[in-house]
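For reference, the chains in residue letters:
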Amino acid sequence: MGFKNLFNSKKIPSLLAVFMLLGTNVLFAQGTGAAGATATDAVKDNGLATAGYYILLFLIVCFIIGIVGKILRVFDLTQQIQSKNPINWDNVMGVCCLIFLIAGAYGAYWEFTVQGAMILPDAASEHGVKWDEMFWTTTTLTMIVFVVTQVLLFTFLFKYRHNANRRGHFLPHNNTIEKVWTIAPAIVLTILVIFGFFTWQQITDNVDAKGEPASINVDITGHQFAWELRYPGKDARLGKTDYKLVSGTNKLGINFKDKDSYDDLQADTMYLPVRKSVRLNIHAQDVIHSVYMPHFRVQLNAVPGLPTFFKFKPTITTAEMRIKLDKPNFEYEILCNKVCGGAHYNMKKVVRVVTEAEYQAWLSQQKPYLTDAIKKDLKFAAEKKEVQSNRLALNN
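What follows deals with a nonpolar patch on the surface. On the surface, Leu141, Ile144, Val148, Leu152, Phe156, Tyr160 and Val188 cluster together into a nonpolar patch covering about 620 Å² of accessible area. For the nonpolar patch, the element with the highest residue contribution is helix H5 (residues 126-159), accounting for 5 residues. Mapping Tyr160 onto the fold places it in the loop between H5 and helix H6 (175-203). Taking relative accessible area as the criterion, Tyr160 reaches 48% and is therefore assigned partly exposed.

Our next topic: the side chain of Glu228. Tracing the backbone through its elements, the reader meets Glu228 in strand S2 (residues 226-231). Within the local environment of Glu228, its side chain forms a polar contact with the side chain of Lys251, the two groups lying 3.3 Å apart. In this structure, Glu228 is in contact with Asp219, Ile220, Thr221, His223, Lys251, Leu252 and Tyr369, ignoring residues within four places of it in sequence.

As for its position among the elements, Asp286 is in the loop between strand S5 (278-284) and strand S6 (289-293). Distance from Asp286 to Cys340, taken between C-alpha atoms, is 9.5 Å for residues 54 residues apart in sequence. With sequence-adjacent residues up to four places away left out, Asp286 is seen in contact with Gly222, His223, Gln224 and Pro304. Of the polar contacts made by the side chain of Asp286, one reaches the backbone nitrogen of Gln224; its length is 2.7 Å. Looking at Asp286, its side chain comes within polar contact range of the side chain of His289, at 2.8 Å.

In this section: the pairing of strand S10 (residues 348-354). Summarising the sheet, strand S4 (residues 270-273) and S10 pair through 4 bridges and their orientation is parallel. Directly across from Met270, in S10, lies its bridge partner Val351. Sheet topology note: the strand S9 (residues 332-336)/S10 ladder contains 4 bridges and is antiparallel. Within S10, the residue paired with Tyr332 across the bridge is Val351.

Scoring rules and cut-offs
Residues numbered from 1 in each chain as written. Predicted model: local features only at pLDDT ≥ 70, side-chain atom pairs only at ≥ 80, totals over all residues. Heavy atoms only, no water. Patch = residues over 30% accessible without salt bridge, like charges linked within 9 Å, V, L, I, M, F, W, Y side chains within 5 Å. Areas by Shrake-Rupley, 256 points an atom, 1.4 Å probe, with all protein chains shown as cover. Salt bridge = Lys/Arg side-chain N within 4 Å of Asp/Glu carboxyl O. Helix = DSSP H or I, 4+ residues; strand = E, 2+ residues; numbered from the N terminus. Buried < 20%, exposed > 50% of the residue type's maximum accessible area, 1.4 Å probe, protein only. Polar contact = N/O pair within 3.5 Å; in protein donor to acceptor, adjacent residues only side chain to side chain. Contact = heavy atoms within 4.5 Å. Pairing = 2+ DSSP bridges.

And the structure:
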């Protein structure tokens, strides 16, 4: 009754007129701003114009549906007044269910063909192949269940719509049906869980096995709004860090009392040797970030005060992937998969997978974190001893 009164009142037309006026003003403002904008004075869209447009569109659709409903109601009453058969709403709803099934099937087909073409290419890491197998197994099974249940649902709604000449059969209980729809999903879910458990256990087994070459340690630290990279030097060991030591010059808080930190290297691009195990040591300095490397199927949160790590092995070099995708400018990337603030979109790093020779050549060109500015800040001095004339020590 309230809904009917709402349409009978003058509130909806008035509200619609206000929104149309607002939408028109917004569009004119955007057009004028865009026409008068210079290269340095771009129009800023804070999202309100887009939201207002969709709200207006939604209200218009609701208004049209209300008008169509009113027209059909008037037609129905006219049929009854003329002693004619009124609209058979059961048939209308049955046909609507068939239309919805066909439209939904086309929508699912469009989703797979159009947006499915945007899916990531083959995994570029060893564990990523297993990850993809797990994903596609789950997707295939759930899609089969989805198609079967939706076809049965809307077909039954059409076939068994209300008919005055037919009585529905009331089935209060059936043990066979209960067993089927309980046991069948349980078996499918058990298979998925067991398969997923063993696959995930292999993926997250981050400990170097005995006899296996040690993984390359790479530190990645997230802060608003960038990733910082740190590589070990010739000793293949990273020095310790301490958040209390973070400063303008020592942005990672590296503890230079630890001798292993003297040759730690800084890098702007992440270089990785192909088919070599890499251990990412993940840190955050302010809020929760998330290391996301989609082509390698790597994602793990970077949590302040809670260091985490992920081990993986790249299998396809950047050059090979460029040829495979026919994209000469393709680059692997590190992204942040947490909305960590206003400039979240800036958290990107290029990742290049190269041969071992290229990796070693690149590594030899990187600069150490222990710069002259840090030495000055920490009051470093060269130790003048006969045994080690070039050794560094702390004065304090």
